[in-house]
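# Working through the structure, step by step
Below, each chain spelled out in residue letters.
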Amino acid sequence: PSGSNWTFGAIRTRVRHAGRGRPSPHPPDGLLWAGSGSDETTVRRMAEITRKDITAANRSAWNASAPLHGEGTQWEQLVEQAARPGFSVLDPFLTAILEGLELKGKSAVQIGCNNARELISLAALGIRPELGIDQASGFLSQAEQLAEAAGLELRLLEADIYDLPSDVGQFD
């Protein structure tokens, strides 16, 4: 049978218009046909795919990709650059906007920080990078390496942003 494939991390679904048997370019509200290949056997309601399922699939995908970003020439160059004074991966446009906001001396948190290269870059603008939050431990390990190279004490938190602990603190 024909249909449109939809992927949410590790969740693969096949979608059809209910009752018409024609492929749908968009999933109908609440009704998804789940299956592998062309075998459409299980009907699931969207409510059965929980936020925790989607978050877990997303975390797994990011952790699977982390090793690809933490090795090789580009990674080695990024670590070397982080060790230099004034390190920044921010583009000139964003840098100008941040400078215009007069944030020197303010504390910063980055949610979904990946390897924290943007958070660490804030130090070059006089902003205190204090906390990086990400769900992928593989990228947080890279963030530790970059922060160490930059000479920064950066708190890193592995967490689901929808379920943060109450003690994350307050930031400017």
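The present account deals with the structure reproduced in this document. (Residues numbered from 1 in each chain as written. Predicted model: local features only at pLDDT ≥ 70, side-chain atom pairs only at ≥ 80, totals over all residues. Heavy atoms only, no water.)

### A closer look at the overall build of the chain
The secondary structure content of the chain amounts to five helices and seven strands. What you see in the chain, going N to C, is helices and strands ordered as β-β-β-β-α-α-α-β-α-β-α-β. Buried positions account for 31% of the 172 residues belonging to the chain. Of the contacts made within the chain by residues no fewer than 6 positions apart, 48% connect residues no fewer than 24 positions apart. Carbon together with sulfur atoms contributes 51% to the accessible area of the chain, which is approximately 10600 Å² in total. (Helix = DSSP H or I, 4+ residues; strand = E, 2+ residues; numbered from the N terminus. Buried < 20%, exposed > 50% of the residue type's maximum accessible area, 1.4 Å probe, protein only. Contact = heavy atoms within 4.5 Å. Areas by Shrake-Rupley, 256 points an atom, 1.4 Å probe, with all protein chains shown as cover.)

### Observations concerning the pattern of salt bridges
Inspection of the entire model under this criterion finds three salt bridges. Where Glu118 meets Arg117, a salt bridge forms, and the shortest distance between an N and an O atom there is 3.5 Å. A relative accessible area of 26% means that Glu118 is categorised as partly exposed. On the basis of relative accessible area, Arg117 is assigned to the partly exposed category, the value being 27%. Arg128 is the salt-bridge partner of Glu130, the closest N and O atoms lying 2.9 Å from each other. Overall, the relative accessible area of 28% leaves Glu130 in the partly exposed class. Judged by its relative accessible area of 39%, Arg128 is partly exposed. (Salt bridge = Lys/Arg side-chain N within 4 Å of Asp/Glu carboxyl O.)

### Regarding the side chain of Gln110
Note on placement: Gln110 falls in strand E5 (residues 107-111). Overall, Gln110 belongs to the buried group, its relative accessible area being 18%. Of note is the side chain of Gln110, whose polar atom sits 3.3 Å from the backbone nitrogen of Leu119. The contacts of Gln110, once residues within four sequence positions are left out, are Ala116, Glu118, Leu119, Leu131, Gly132 and Ile133. (Polar contact = N/O pair within 3.5 Å; in protein donor to acceptor, adjacent residues only side chain to side chain.)

### Side note on the packing of aromatic side chains
On inspection of all chains with the given rule, the structure shows one aromatic pair. Aromatic side chains Trp62 and Phe139 sit 5.8 Å apart centroid to centroid with 75 degrees between the ring planes, which places their arrangement in the edge-to-face category. With Trp62 in helix H1 (residues 51-69) and Phe139 in helix H5 (residues 137-150), this residue pair connects regions lying 77 residues apart in the sequence. Residue classification places Trp62 among the partly exposed residues on the basis of a relative accessible area of 40%. What makes Phe139 buried here is its relative accessible area of 2%. (Phe/Tyr/Trp six-rings, centres within 6.5 Å; stacked < 30°, edge-to-face > 60°.)

### Examining the packing of helix H2 (residues 72-82) against H5
Each pair of packed helices can be described by the angle between their axes along with the distance between the axes. At a minimum axis distance of 7 Å, the contact between H2 and H5 shows a crossing angle of 40 degrees. The orientation of H2 with respect to H5, classified from their angle, is oblique. Listed contacts from H5 to Trp75, Leu78, Val79 and Ala82 of H2 are Gln142, Gln145, Leu146, Ala149 and Ala150. Class assignment of the residues belonging to the contact of H2 with H5 gives a composition of seven nonpolar, two polar and no charged. (Axes fitted to C-alpha atoms, helices over the stretch in contact; angles between N-to-C directions. Parallel < 35°, antiparallel > 145°, perpendicular 65-115°, else oblique. Nonpolar A, V, L, I, M, F, W, Y, C, P; charged D, E, K, R; others polar.)

### A short note on the side chain of Asp134
Considering the arrangement of structural elements, one finds Asp134 in strand E6 (residues 128-134). Despite its burial, Asp134 pairs with no opposite charge; the closest candidate is Arg59, at 7.8 Å N-O. Engagement of the side chain of Asp134 in a polar contact is seen with the backbone nitrogen of Asn114, the distance being 2.7 Å. In this view, Asp134 contacts Gly112, Cys113, Asn114, Leu140, Leu157, Glu158 and Ala159; residues no more than four positions away in its chain are not counted. (Lys, Arg positive; Asp, Glu negative; His and termini not counted.)

Interpretation note: all reported values are geometric properties and have no functional meaning in isolation.
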